[in-house]
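If you want the building blocks of each chain, they are given just below.
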Amino acid sequence: MNFELTEEHIAVRDAAREFTQAELLPGVIDRDTEARFPKEQIQKMGELGFMGMMVDPKYNGGGMDTLSYVLAMEEISKIDASASVSMSVNNSLVCWGLEKYGTEEQKEKYLKPLATGEILGAFCLSEPEAGSDATSQRTEAKLEGDHYILNGTKNWITNGSSASVYLVIAQTDASKGHKGISTFIVEKGWEGFIIGKKEDKLGIRGSDTHSLMFNDVKVPVGNRIGEEGFGFSFAMETLNGGRIGIAAQALGIAAGAYELALAYSKERKAFGKPISQHQAIQFKLADMATQIEAARMLVYKAACIKDQGEDYAHASAMAKLYASEVAMNVTVEAVQVHGGYGYVKEYHVERLMRDAKITQIYEGTSEIQKIVISRNLLK
Ligand code: CAA
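Residues numbered from 1 in each chain as written. Predicted model: local features only at pLDDT ≥ 70, side-chain atom pairs only at ≥ 80, totals over all residues. Heavy atoms only, no water.

## Here we look at the overall build of the chain
Item 1. Within the chain, the secondary structure is distributed over 11 helices and 10 strands.
Item 2. Compactness check: the chain gives a C-alpha radius of gyration of 21 Å against a globular reference of 21 Å for 379 residues, within 12% of the reference.
Item 3. Overall size of the chain, expressed as C-alpha extent along the three principal axes, is 80 × 45 × 35 Å.
Item 4. Of the contacts made within the chain by residues no fewer than 6 positions apart, 74% connect residues no fewer than 24 positions apart.
Item 5. When the accessible surface of the chain is summed, it comes to about 16000 Å², and 52% of that surface belongs to carbon and sulfur atoms. (Helix = DSSP H or I, 4+ residues; strand = E, 2+ residues; numbered from the N terminus. Rg over C-alpha atoms; globule rule 2.2 N^0.38 Å. Contact = heavy atoms within 4.5 Å. Areas by Shrake-Rupley, 256 points an atom, 1.4 Å probe, with all protein chains shown as cover.)

Below, the structure written as structure tokens:
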């Protein structure tokens with residue numbers, strides 16, 4: 001497998017880096033403190049083509065490969081993981097599924113504006129009693145003539161209030177278990193669709209995470225994605241790709257924290273010399289850099305496997321499992337290298353440490369990744 005980046009890859013990475021420094025770094029601490037969604041910044045990310053990177057240009061997307069998307073996610077996550085989770089959900093969980101399984105009408109109406117970032121999408125699978133156990137969907141959609149009546153509650157939905165289009169997974173035939181689950185496109189503003197409470201989170205505080213309530217919401221049959229009963233497979237397949245995005249986010253968080261720790265260690269003096277000259281710090285830097293490089297290999301490999309059209313469920317779960325562990329380890333060590341300064345907001349590493357934790361939880365906890373990996377090993 002050749003990880004040599006093409007000129008196009010380098011251009012994407014540099015554009016993301018430039019944007020991040022100019023537009024995301026200023027204000028990132030305030031947005032985190034105030035739990036404020038980076039609305040204008042996400043709009044600009046859309047204008048620059050970051051919100052529908054892999055979508056076919058005929059649906060207004062960038063037509064890029066997964067490795068380009070991973071490179072952009074990595075750069076953006078170094079600075080602002082709240083912005084990158086919005087980007088990841090829009091690209092991998094919403095645009096991807098719509099492009100792969102949506103009808104031409106659905107693509108015209110929803111995918112085109114989603115791919116340009118003109119509107120945002122959300123992916124609604126988790127429920128109060130169905131997190132890891134995603135087959136236990138309580139939200140139900142009952143067919144009545146030419147529409148479904150949707151009832152239920154979704155939890156922890158990224159882009160919860162900022163999205164305009166929601167992919168909602170719901171039970172259409174409870175007697176069939178996971179084969180009785182379907183996916184629907186629901187628009188913000190439809191009668192009975194209520195945006196519930198905003199979560200006050202440990203990390204990714206700029207991301208707007210909400211519960212959503214559906215009370216007798218009328219959804220046209222034409223807004224179902226795929227056949228009835230296809231919803232669980234749809235969600236699982238979508239998450240296989242989503243996990244590459246979150247693995248890239250975790251990699252970026254780790255790399256961002258490491259870069260800050262490295263720079264700080266060269267400036268900060270203790271016992272008469274820069275702390276980078278003390279072996280205690282050198283060993284930490286060496287461990288951090290090695291773990292990041294190993295995570296990067298897994299993440300890029302998962303992206304390349306997907307781009308080659310091979311089965312990537314296993315590779316994406318491995319990448320997410322490992323990169324999220326690395327994000328946690330490296331950010332904790334980056335705070336340690338900074339000493340007391342690392343514990344205050346101004347130095348950024350405490351935010352990255354808080355942001356890192358969610359990468360071990362969303363789009364499947366680390367334990368879920370191990371289930372996916374071990375099932376593949378044993379099948
Ligand atoms: N890829 C493709 N298909 C898969 C799959 C995968 N990774 N995992 C399971 N499936 C398929 C199985 O092959 C099986 O299909 P068949 O019936 O056709 O054989 C079907 O799904 C049911 O699978 P299981 O019998 O294995 O179901 P299970 O209930 O034992 O376990 C699970 C499934 C892997 C634990 C699954 O429930 C899961 O992935 N849970 C985690 C859910 C999750 O990641 N939630 C994240 C929410 S989204 C989010 O966080 C977005 C955000 O806002 C950031």
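## Re the UniProt feature "domain: Acyl-CoA dehydrogenase/oxidase C-terminal" (unreviewed entry) in the chain
Item 1. The sites that carry the UniProt feature "domain: Acyl-CoA dehydrogenase/oxidase C-terminal" (unreviewed entry) are, in the present numbering, residues 231-378.
Item 2. Helix makes up 78% of residues 231-378 and strand makes up 3%, while its end C-alpha atoms are separated by 25 Å. (UniProt positions renumbered as here; feature names shortened; annotations may be inferred.)

## Describing the site of the ligand
Item 1. Near the ligand there are 22 residues, and of these S132, T158, H178, N240 and R375 occur at the shortest range.
Item 2. Contact between the ligand and T158: an oxygen atom at 2.7 Å from a side-chain N or O atom of the residue.
Item 3. Take K179: an N or O atom from its side chain is 3.0 Å from an oxygen atom of the ligand.
Item 4. Its free accessible area being 1100 Å², the ligand has 72% of it covered by the protein chains.
Item 5. Going through the elements one at a time, α5 (81-101), α7 (231-267) and α11 (366-378) are the ones with two or more residues in the shell around the ligand.
Item 6. At five residues, α7 tops the list of elements feeding residues into the shell around the ligand.
Item 7. Across the shell around the ligand, the residue classes tally to 10 nonpolar, eight polar and four charged. (Near = heavy atom within 4 Å. Polar contact = N/O pair within 3.5 Å; in protein donor to acceptor, adjacent residues only side chain to side chain. Nonpolar A, V, L, I, M, F, W, Y, C, P; charged D, E, K, R; others polar.)

## What about the environment of L25?
Item 1. Along the chain, L25 falls in the loop between α1 (7-24) and α2 (28-34).
Item 2. For L25, a relative accessible area of 28% puts it in the partly exposed group.
Item 3. For the pair formed by L25 and I79, sequence separation is 54 residues and the distance between their alpha carbons is 6.2 Å.
Item 4. Filtering out sequence-adjacent residues up to four positions away, L25 remains in contact with T20, I79 and H348. (Buried < 20%, exposed > 50% of the residue type's maximum accessible area, 1.4 Å probe, protein only.)

## Concerning the side chain of H9
Item 1. Tracing the backbone shows H9 in helix α1.
Item 2. Reaching out from H9, the side chain makes a polar contact with the side chain of D65 at a distance of 2.9 Å.
Item 3. When residues no more than four places from it in sequence are discounted, the contact partners of H9 are D65, L67, S68 and L71.

## Let's talk about the domain arrangement of the chain
Item 1. Considered domain by domain, the chain is made up of domain 1 (7-120), domain 2 (122-231) and domain 3 (233-378).
Item 2. One C-alpha centre belongs to domain 2, the other to domain 3, and the line joining them spans 30 Å.
Item 3. Contact with domain 2, which involves 14 residues of that partner, is made by 13 residues of domain 3.
Item 4. At the boundary of domain 2 with domain 3, total buried surface from both sides reaches about 1100 Å², with 74% on carbon and sulfur atoms.
Item 5. Here domain 2 and domain 3 share six residue pairs in polar contact (both at pLDDT 80 or more) between them.
Item 6. Residues of the side of domain 2 that touches domain 3, tallied by class, amount to nine nonpolar, four polar and one charged. (Domains from an automatic or database assignment. Buried area = accessible area lost by both parts, 1.4 Å probe.)

## Concerning the pattern of salt bridges
Item 1. For the structure on display, the rule yields 21 salt bridges.
Item 2. In this structure, R205 engages D200 in a salt bridge whose closest nitrogen and oxygen atoms are separated by 2.8 Å.
Item 3. Using a relative accessible area of 67% as the deciding quantity, one classes D200 as exposed.
Item 4. It is possible to trace a salt-bridge network through shared partners that takes in R17, E75, K78 and E259. (Salt bridge = Lys/Arg side-chain N within 4 Å of Asp/Glu carboxyl O.)

## A closer look at the environment of V85
Item 1. Mapped onto the elements, V85 comes out in helix α5.
Item 2. For the pair V85 and K218, spaced 133 residues apart in the sequence, the C-alpha separation amounts to 29 Å.

## Thoughts on helix α9 (residues 313-338)
Item 1. Taking 1.5 Å of rise per residue, the 26 residues of α9 would be expected to cover 38 Å, and the 37 Å separating its terminal C-alpha atoms lies within 8% of that figure.
Item 2. The first or second residue beyond α9 is G339, which carries a positive phi of 60°. (Expected span 1.5 Å × (residues − 1).)

## What about the side chain of N90?
Item 1. For N90, the location among the structural elements is in helix α5.
Item 2. On the basis of relative accessibility, which here comes to 0%, the residue N90 falls in the buried class.
Item 3. From its side chain, N90 meets the backbone oxygen of L114 in a polar contact 3.0 Å long.

## Remarks on the pairing of strand β1 (residues 121-124)
Item 1. Residues G121 and F123 of β1 are buried on one face, and the alternating residues A122 and C124, pointing to the opposite face, are buried as well.
Item 2. Judged from the four bridges that link them, β1 and strand β4 (residues 165-171) form a sheet pairing that is parallel. Pairing of F123 across the sheet is with L167, part of β4. (Pairing = 2+ DSSP bridges.)

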